[in-house]
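Residues per chain are reported as follows:
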Number of protein chains: 2
Amino acid sequence: MAELNLLQKKIMADGRIISGDILKVDSFLNHQIDVPFISELGKIFKELFADRPINKILTIEASGIGVACLTAVHMRVPVVFAKKSAGSNMDAEVYSTEIKSFTHNKVNHVVVSQKYLNGGDHILIIDDFLANGCAVQGLIDLVDQAGGTVEGVGICIEKGFQGGGDALRARGINLKSLAIIEKMDAKSGKIVFR
Amino acid sequence: MAELNLLQKKIMADGRIISGDILKVDSFLNHQIDVPFISELGKIFKELFADRPINKILTIEASGIGVACLTAVHMRVPVVFAKKSAGSNMDAEVYSTEIKSFTHNKVNHVVVSQKYLNGGDHILIIDDFLANGCAVQGLIDLVDQAGGTVEGVGICIEKGFQGGGDALRARGINLKSLAIIEKMDAKSGKIVFR
């Protein structure tokens, strides 16, 4: 059996399995953010995508922003975060897409100003979780609308059993997840990583 | 006339004055994030609050998260971000408050899990903007509910003419803003900093 990596160990230590498909990691990833730890994950993303000419990171509010910024600080590139609602001072010229959120049980109309995505961009998409893949597919759609290039997708925790990651890989997307959960059990606390 | 500081220079170079009270800085602060630059602001926040025993940074989603994480990475502390809506896997035990958003013209019900704020916490509140001060007042309310201590409030851009910052200072809050705008004019592009 392979040794667990940095994030897998953290999940075993601090994650809480709520049910067969809900893993809570809000003590370090998406409510409280263990910044020194997530910064280490950022370094790993930098290494994983070092062969790609990335000039910008794209993520989606809110829980992707922390890991995106803590990756960008090592890569020395800007972050753009897609917004789920347009405030009164949002630009009128936006790329937009629809992303279904199962956690919040609604469809978000997601936008990025056309100023901050363009045809010359080589984008790394970063997010905290990947389950069914709707958020990443929406972000890819935004890059496609701008004529940019998706160089890769970096995910902290992929729920492998929900299939979204494998669907993206089947499309040829350069997806790398730091921890892929094949199955987990709330009663025993057991997690099987791919 | 005093020389402009790092953020004031950036505002003059890249900010866009839309009207007498709307300044757009979404090219570097709150939509696209110029991570290497904002990381420099994070170092300045670390120095400004170096005399305080801070163990955690509190901010609010979404646009506060980037600057909070890029400050925390220098201070080696975690970030907690208050959430504007509770997903299906949010804890039931939360501190909550109401925060009026003028940008989005609505009142947000804002929550933090009781797990991640407590009586022993010495909190630095960080946010990108301060105008009327509603967001910071709400975050202070959350820390008070937990019995924690607000050691300071660090703001990137304060709209001095809206009075929220001065009201907090009058209450004895240790508020430090990197750029305070006294007035600005959309036609001439002129900005007067305090």
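The structure reproduced in this document is the subject of the present report. (Residues numbered from 1 in each chain as written. Chains lettered and ligands numbered in written order. Predicted model: local features only at pLDDT ≥ 70, side-chain atom pairs only at ≥ 80, totals over all residues. Heavy atoms only, no water.)

With that settled, the discussion passes to the sheet that holds strand E4 (residues 56-60) of chain B. Pairing is mixed across the open sheet formed by seven strands, whose spatial order is E3(A)-E5(B)-E4(B)-E8(B)-E9(B)-E10(B)-E11(B). The two strands at the open ends of the sheet, each matched to only one other strand, are strand E3 (32-33) of chain A together with strand E11 (191-193) of chain B. Two elements, E4(B) and strand E8 (residues 122-130) of chain B, share three bridges in a ladder whose sense is parallel. If you follow Lys56(B) over to E8(B), its bridge partner there is Ile123(B). Where helix H1 (residues 6-14) of chain B meets the sheet, its contacts fall on strand E9 (149-159), strand E10 (175-184) and E11 of chain B, and the angle it forms with E11(B) comes to roughly 170°. (Pairing = 2+ DSSP bridges. Helix = DSSP H or I, 4+ residues; strand = E, 2+ residues; numbered from the N terminus. Contact = heavy atoms within 4.5 Å. Axes fitted to C-alpha atoms, helices over the stretch in contact; angles between N-to-C directions.)

On the basis of which strands lie adjacent, the open sheet formed by seven strands has the order E11(A)-E10(A)-E9(A)-E8(A)-E4(A)-E5(A)-E3(B) and mixed pairing. In this open sheet, the two strands that pair with only one neighbour each are strand E11 (191-193) of chain A together with strand E3 (32-33) of chain B. Of the strand pairs in this sheet, strand E9 (residues 149-159) of chain A and strand E10 (residues 175-184) of chain A are connected by six bridges, and their pairing is parallel. Opposite Ile157(A), over in E10(A), you have Ala179(A) as the bridge partner. Set on the sheet, helix H1 (residues 6-14) of chain A makes contact with E9, E10 and E11 of chain A; between it and E11(A) the angle comes to about 170°. Running at roughly 165° to strand E8 (residues 122-130) of chain A, helix H4 (residues 134-146) of chain A makes contact with strand E4 (56-60), strand E5 (79-82), E8 and E9 of chain A of the sheet.

All names here are of chain B. Burial runs high along E10: seven of the 10 residues are buried. Here E10 runs beside E11; their pairing, made up of three bridges, is antiparallel. Bridged to Ile181 within E11 is Phe193. The turn joining E10 and E11, which pair antiparallel and follow one another in sequence, is formed by six residues; a positive phi near 75° is taken by Gly189. (Buried < 20%, exposed > 50% of the residue type's maximum accessible area, 1.4 Å probe, protein only.)

This brings us to the environment of Cys156(A). All names here are of chain A. Within the secondary structure, Cys156 sits in strand E9. Cys156 sits in the buried class, given a relative accessible area of 0%. Placed 20 residues apart in sequence, Cys156 and Lys176 show a C-alpha to C-alpha distance of 8.6 Å. Residue contacts for Cys156: discarding those within four places in its chain leaves Leu7, Leu29, Leu41, Phe45, Val67, Asp127, Asp128, Ser177, Leu178 and Ala179.

What follows deals with the interface of chain B and chain A. In this assembly, 43 residues from chain B lie in contact with 43 residues from chain A. Summing both partners gives a buried area of about 3600 Å² for chain B against chain A, and 60% of it is carried by carbon and sulfur. Connecting chain B to chain A are zero salt bridges. If you look at where chain B meets chain A, you find 14 residue pairs in polar contact (both at pLDDT 80 or more). (Buried area = accessible area lost by both parts, 1.4 Å probe. Salt bridge = Lys/Arg side-chain N within 4 Å of Asp/Glu carboxyl O. Polar contact = N/O pair within 3.5 Å; in protein donor to acceptor, adjacent residues only side chain to side chain.)

Turning chain B through 180° and shifting it by 0.0 Å along the axis lays it on chain A, with an RMSD of 0.0 Å. Taken together, the rotation and translation describe the operation of a two-fold axis. Proximity to the rotation axis, assessed at the C-alpha, singles out Ala62(B) in chain B; its C-alpha lies 2.6 Å from the axis. A high fraction, 100%, of the interface residues of chain B reappear at the interface in chain A, so the copies pair face to face through one surface. (Least-squares fit on C-alpha atoms with pLDDT ≥ 70 in both.)

Tracing the backbone shows Lys43(B) in helix H2 (residues 35-48). Side chain to side chain, Lys43(B) and Glu40(B) meet in a polar contact 3.1 Å long.

On the surface, Lys84(A), Lys106(A), Lys84(B) and Lys106(B) cluster together to form a positively charged patch. Of the residues examined, Lys106(A) reaches a relative accessible area of 43% and is grouped as partly exposed. (Patch = residues over 30% accessible without salt bridge, like charges linked within 9 Å, V, L, I, M, F, W, Y side chains within 5 Å. Areas by Shrake-Rupley, 256 points an atom, 1.4 Å probe, with all protein chains shown as cover. Lys, Arg positive; Asp, Glu negative; His and termini not counted. Charge placed at Lys NZ, Arg CZ, Asp CG, Glu CD.)

In this section: the side chain of Thr59(B). All names here are of chain B. Relative to the elements of secondary structure, Thr59 occurs in strand E4. Look at Thr59 and you get buried, because its relative accessible area is 0%. Looking at Thr59, its side chain comes within polar contact range of the main-chain oxygen of Ile126, at 2.7 Å.

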